[in-house]
Amino acid sequence: MSRIGKKPITIPAGVEIKQDGNTFTVKGPKGQLVRELSSEIKVNIDGNEITFERPNDLPNIRALHGTTRANLNNMIVGVSEGFTRGLELVGVGYRVQASGKGLTLSLGYSHPVEIEAVEGITFKVEGNTKISVEGIDKQLVGQVAANIRAKRPPEPYKGKGVKYADEVIRRKEGKKG
């Protein structure tokens, strides 16, 4: 049995959930999310608790059990608390500036790298080298952060590049002279 799929979700105060077939709408203090979840998994909403049941033990149904629960839980956490992903720029001359709602990055290229604002995502710049990507959709926050990191991923010799705040770069030893 799925350990995650078995866990019930407690709905926090101020969050509303509406179910229309297998489409779920979650409203909270930070906004609203709509997502279509798998029709294979039965979702029971009683009071302020949500439970999930699967019809059989086929491998793909077992995989959907925990995934469905995790997706709905991420929607609830997103509209009540939100998600944040931190990025750091490491390297001489690597800087970030807020430009309107987007970002301008200096990453050692001959030109500045422009990051356009995405609907539902806000950027916070702390100092010259720290970026915070915030939003209510966990998948979107992670994707935007990954797109920024992809502009100059950290390299293993000096550790220069754009890295996640909690990422540890495994360093390699350089040439022996």
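The rules we used
- What you see as residue numbers is a count from 1 along each chain, following the sequence as written.
- Local features are withheld for residues below a pLDDT of 70 in this predicted model, meaning they are given only at 70 or higher, and side-chain atom pairs are given and counted only at 80 or more; totals for whole chains, interfaces and linings count all residues.
- Each side-chain value is derived from all of the structure's non-hydrogen atoms; neither hydrogens nor water enter the calculation.
- By the criteria applied, helices consist of DSSP H or I runs no shorter than four residues and strands consist of E runs no shorter than two, each listed in order from the N terminus.
- For a compact globule the rule gives 2.2 Å times the number of residues to the power 0.38, and the radius of gyration it is set against comes from C-alpha atoms.
- Buried means the residue's accessible area, taken with a 1.4 Å probe over protein chains only, is under 20% of the maximum for its type, while exposed means over 50%, and partly exposed covers the values in between.
- Note on contacts: a residue pair is in contact if any heavy atoms of the two residues lie within 4.5 Å.
- We count a salt bridge whenever a side-chain nitrogen from Lys or Arg sits within 4 Å of a carboxyl oxygen from Asp or Glu.
- DSSP-based pairing: two strands are paired if at least 2 bridges between them are found.
- Only the stretch in contact is used when a helix axis is fitted, and all axes are lines through C-alpha atoms; the angle between N-to-C directions ranges over 0 to 180 degrees.
- When the centres of two rings from Phe, Tyr and Trp lie within 6.5 Å, Trp using its six-membered ring, the rings pair. Their planes under 30 degrees apart give stacked, over 60 give edge-to-face, and anything left gives tilted.
- A ring is scored as having a charge over it whenever the NZ atom of a lysine or the CZ atom of an arginine sits within 6 Å of its centre and within 35 degrees of its normal.
- UniProt positions are given in the numbering used here, feature names are shortened, and annotations may be inferred rather than shown by experiment.

> Please provide a residue-by-residue account of the overall build of the protein chain, values included.
Of the regular secondary structure elements, the protein chain holds three helices and 13 strands. Taking 2.2 N^0.38 as the reference for a compact globule, 177 residues should give roughly 16 Å; the C-alpha atoms of the protein chain span a radius of gyration of 20 Å, well beyond that estimate. Its C-alpha atoms give the protein chain principal-axis dimensions of roughly 65 × 40 × 20 Å. When burial is assessed residue by residue, the protein chain has 34% of its 177 residues classed as buried. In the protein chain, once contacts between residues fewer than 6 apart in sequence are set aside, the share between residues at least 24 apart is 50%.

> Explain the pattern of salt bridges to me, using residue names and the numbers behind them.
Using the criterion set out here, one finds seven salt bridges in the structure. Its salt-bridge partner being Glu88, residue Lys163 comes within 3.5 Å of it at the nearest N-O pair. Taken as a pair, Lys163 in strand E13 (residues 161-164) and Glu88 in strand E7 (residues 83-90) lie far apart in primary sequence, 75 residues in all. Across this residue pair, the class does not change: Lys163 and Glu88 are buried. The salt bridge partner of Glu167 is Arg149, with a shortest N-O separation of 2.7 Å. With Glu167 in the segment after E13 and Arg149 in helix H3 (residues 138-149), the pair connects residues that are 18 residues apart, well separated along the chain. Among the residues examined, Arg149 registers a relative accessible area of 22% and is labelled partly exposed. Bridged by salt links that share partners, the residues Glu88, Lys130 and Lys163 form one connected network.

> Summarise the sheet that holds strand E10 (residues 113-115); cite the residues concerned and give the values.
With respect to topology, three strands assemble into an open sheet ordered E8-E9-E10, the strand pairing being antiparallel. Because the sheet does not close on itself, it has two edges, and the strands there are strand E8 (95-99) and E10. For this sheet, the mean angle separating the axes of adjacent strands, direction not counted, is 25°.

> Could you give an account of the packing of aromatic side chains, with specific residues and numbers?
Here the structure, examined in full by the defined rule, presents zero aromatic pairs. Over the ring of Tyr164 we find Arg85; its NZ or CZ atom is 4.0 Å from the centre of that ring.

> Outline the sheet that holds strand E2 (residues 16-20), supporting the account with residue identities and numerical values.
Read from one edge of the open sheet, three strands run E2-E3-E4, paired in antiparallel fashion. Looking along the sheet, the strands with just one partner apiece sit at the ends: E2 and strand E4 (31-36). With direction set aside, neighbouring strand axes in the sheet form an average angle of 15°. The sheet contact formed by E2 and strand E3 (residues 23-28) spans five bridges and is antiparallel.

> Describe the environment of Ile121, and please don't skip the residues or the numbers.
Tracing the backbone through its elements, the reader meets Ile121 in strand E11 (residues 121-126). On the accessibility criterion, Ile121 (7% relative accessible area) is buried. Aside from chain neighbours lying at most four places away, what touches Ile121 is Val133, Glu134, Gly135, Leu140, Val141 and Val144.

> Please set out the UniProt feature "domain: Large ribosomal subunit protein uL6 alpha-beta" (unreviewed entry) in the protein chain residue by residue, giving values where relevant.
Cross-referencing UniProt, the feature "domain: Large ribosomal subunit protein uL6 alpha-beta" (unreviewed entry) maps to residues 11-82 and 90-164 in the present numbering. Here residues 11-82 runs as 31% helix and 38% strand, with 15 Å between its end C-alpha atoms. The span residues 90-164 is 16% helical and 40% strand by assignment, and the distance between its end C-alpha atoms comes to 10 Å.

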